[in-house]
Amino acid sequence: MTSIDLNPAPPLNSPRQRAGGQGRALGRAIAARIIGVIVILIVISFLTFSLMYLAPGDLVKNLLGTRPASPDAIAAIRAQYHLDDPFFVRYLDWLWSALRGDFGVSIRMQQPVTTVIGQRLGSTVALIVLAFLVAVVTAIPLGILSAAREGKATDRVASALALLGLSAPSFALAILLLYLFAMLIPLFPAYGGGTGGLDTLWHLVLPACALAAGIGAILMRMTRAAVLRELQSDAVTFARSRGLSEREVRTVALRSAAIPIVTGAGLILTFIVGGTIIVETVFALPGIGSLLQESVLFKDLPVVQAVTLLVAATIAVITIFVDLSYVLLDPRVRAKELNR
């Protein structure tokens, strides 16, 4: 006689419950990354503050210039900017104000830091977007074409161009572009940010090309390697054995290679954000990079701190979006993240 189980197994979760559990898991993963970003930003702010504190130079001399100053005037300046306070007192004062959204006043320009950054931010964002588009639109198709024609003349030419882009420093390439297309053949303006609209876009063409060359070369090599690896994978071999056309086989390979390509695109975007300083300096663009350089030379600590945190936070946000793209593109990563 068979026994009857009086304790039935618990019912399986409904699709709504599973979706809710996965949503909570994804929320926890995003929250963990945001907490990590906040910790990193605090560490970066402390390091930046320390380096600016230890850097040679005197803020009082920068403010007074060559004008004669009495001891009372010097003492007033030091008291106004708390230059005689202990290091940790000054840092904690800045950190407490920053946590409340107050980044202080620029010492050099005597304007709120948020206003100073806001005046320069548009030019830098436009430069970053244009350089990223130039790099992605040229590098990814070239990398795919190079992988599809491995060992042929197209592959060798593309690899040579990538090697040239990797070997040429951004500042050297910027100077070369200036000489060729602003002086020898005056197609583009040599410096400045333009007067707005299409004129600004026209001024950003050469800086964007100089910025996109090196990172585009990296992206091209990463794309080529990813596509080559997928073309030689078992999945592609199986697809060919099923009689799929070469176009369908390449579609399968490109879908599998999407993750490393997206990763590469995210990485080059972080490089672009950091690389604007040199390019903006060479082309005299009124952007965040040139603002940071001028502020470091003047020891304008509030601006340096705010710009550094802005750049670090931007890179961190891009990294989080790249991580989230893994979850969307790769089922294995999605299952691992959602089942933690």
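Residues numbered from 1 in each chain as written. Predicted model: local features only at pLDDT ≥ 70, side-chain atom pairs only at ≥ 80, totals over all residues. Heavy atoms only, no water.

Under an unreviewed UniProt entry, the chain has the name Peptide/nickel transport system permease protein and belongs to Leucobacter exalbidus. Quoted verbatim from the Sequence similarities (unreviewed entry) heading of the UniProt record, the comment on the chain is "Belongs to the binding-protein-dependent transport system permease family." Regarding the chain, the relevant UniProt record gives this comment under Subcellular location (unreviewed entry): "Cell membrane". (UniProt positions renumbered as here; feature names shortened; annotations may be inferred.)

Our focus in this paragraph is the overall build of the chain. Within the chain, the secondary structure is distributed over 14 helices and zero strands. Mapped in sequence order, the helices and strands of the chain form the string α-α-α-α-α-α-α-α-α-α-α-α-α-α. With 340 residues in all, the chain has 36% of them scored as buried. Pairs at least 24 residues apart make up 76% of the contacts formed inside the chain by residues separated by at least 6 positions. If you sum the accessible surface of the chain, you get close to 19,900 Å²; carbon and sulfur atoms cover 68% of it. (Helix = DSSP H or I, 4+ residues; strand = E, 2+ residues; numbered from the N terminus. Buried < 20%, exposed > 50% of the residue type's maximum accessible area, 1.4 Å probe, protein only. Contact = heavy atoms within 4.5 Å. Areas by Shrake-Rupley, 256 points an atom, 1.4 Å probe, with all protein chains shown as cover.)

Between helix α7 (residues 170-184) and helix α8 (residues 198-231), the shortest axis-to-axis distance is 9 Å and the interhelical angle comes to 145°. Pair α7 / α8 crosses with right-handed handedness. Residues S170, L173, A174, L177, F181 and A182 of α7 pack against L206, C209, A210 and A213 of α8. Among the residues making up the contact of α7 with α8, the classes are represented as nine nonpolar, one polar and no charged. (Axes fitted to C-alpha atoms, helices over the stretch in contact; angles between N-to-C directions. Left-handed = near helix turned anticlockwise from the far one by under 90°. Nonpolar A, V, L, I, M, F, W, Y, C, P; charged D, E, K, R; others polar.)

Our next topic: the UniProt feature "transmembrane region" (unreviewed entry) in the chain. UniProt records the feature "transmembrane region" (unreviewed entry) at residues 34-55, 125-148, 160-188, 200-220, 257-283 and 303-329, using the numbering of this structure. Taken end to end, residues 125-148 is 100% helix and 0% strand, and its two terminal C-alpha atoms sit 34 Å from one another. Between the first and last C-alpha atoms of residues 200-220 the distance is 28 Å; the span itself is 100% helix and 0% strand.

Volume-wise, the largest pocket comes out at about 730 Å³. Together, 26 residues line the largest pocket, and Y81, R90, I107, L301 and P302 are the ones closest to its centre. Listed by contribution, the elements that provide at least two residues to the lining of the largest pocket are α1 (15-54), α3 (71-80), α4 (87-99) and α13 (301-329). The element best represented in the lining of the largest pocket is α4, accounting for four residues. Split by residue class, the lining of the largest pocket holds 12 nonpolar, seven polar and seven charged. Space inside the second largest pocket adds up to approximately 450 Å³. Along its surface, the second largest pocket is lined by 20 residues, and L161, G165, A212, A213 and A217 are the ones closest to its centre. Contributions of two or more residues to the lining of the second largest pocket are made by α5 (113-148), α6 (153-167), α7 and α8. Among the elements that make up the lining of the second largest pocket, the one with the highest residue count is α8 (six residues). Grouping the amino acids of the lining of the second largest pocket by side-chain chemistry returns 17 nonpolar, three polar and no charged. (1 Å grid on protein atoms, 1.4 Å probe; cavity = no way out; pocket = protein on both sides within 12 Å on 5 of 7 lines; lining within 4 Å. Points joined across faces, edges and corners; volume = space filled by probe spheres on them.)

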